[in-house]
Amino acid sequence: MSVAAAATMLVLFLPFLLSLAGSATMPKMLCLVTSLLALLLSVEPYGAVMPWLIGMIIAVVAVFERLRRCGVV
């Protein structure tokens, strides 16, 4: 696997990796599904943008809720 392919995989699975910092299980599963969908749609130019954005929104909300629950925010 080349460095470019590894970087692409990292970016595509970033929502899932970010959601692992959250405490709930449903956002983790949703982000895994959106990351896999982004991976499958990445063969088309800009095909992975919408699933990736949806996954990032879910992951950011999950992490924000965990931080809010802990009293950090």
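Anything mentioned here points back to the structure above.
The shown structure was predicted, so the numbers you read here are calculated from the model rather than taken from an experiment.

**Considerations on the overall build of the protein chain**
Looking only at helices and strands, the protein chain has four helices and zero strands in total. When the elements of the protein chain are put in sequence order from the N terminus, they spell out α-α-α-α. Its C-alpha atoms give the protein chain principal-axis dimensions of roughly 40 × 20 × 20 Å. For the protein chain, contacts bridging at least 24 residues in sequence account for 52% of all contacts bridging at least 6. On the protein chain, roughly 5,000 Å² of surface is accessible, and the fraction owed to carbon and sulfur atoms is 78%.

**What to know about unusual backbone geometry**
One non-glycine residue, Tyr 46, lies in the positive phi region at around 60°. Along the chain, Tyr 46 falls in the loop between helix 3 (26–41) and helix 4 (49–70).

**A short note on the side chain of Thr 34**
In this structure, Thr 34 sits in helix 3. Among residues more than four places away in sequence, those in contact with Thr 34 are Pro 51, Ile 54 and Gly 55.

**A closer look at helix 3**
Its 16 residues give helix 3 an end-to-end C-alpha distance of 22 Å, which sits within 8% of 22 Å, the value for a rise of 1.5 Å per residue. Of the residues making up helix 3, those classed as buried are Pro 27, Cys 31, Thr 34, Ser 35 and Ala 38. Buried residues of helix 3, seen end-on, are gathered within an arc of 105° and therefore sit on one face of the element. Projecting away from the buried face of helix 3 at angles above 90 degrees are the exposed residues Met 26 and Leu 40. Of the surrounding secondary structure, the elements contacted by the buried residues of helix 3 are helix 1 (3–12), helix 2 (14–19) and helix 4.

Conventions used here
- Residues numbered from 1 in each chain as written.
- Predicted model: local features only at pLDDT ≥ 70, side-chain atom pairs only at ≥ 80, totals over all residues.
- Heavy atoms only, no water.
- Helix = DSSP H or I, 4+ residues; strand = E, 2+ residues; numbered from the N terminus.
- Contact = heavy atoms within 4.5 Å.
- Areas by Shrake-Rupley, 256 points an atom, 1.4 Å probe, with all protein chains shown as cover.
- Expected span 1.5 Å × (residues − 1).
- Buried < 20%, exposed > 50% of the residue type's maximum accessible area, 1.4 Å probe, protein only.
- Arc of directions from axis to C-beta.

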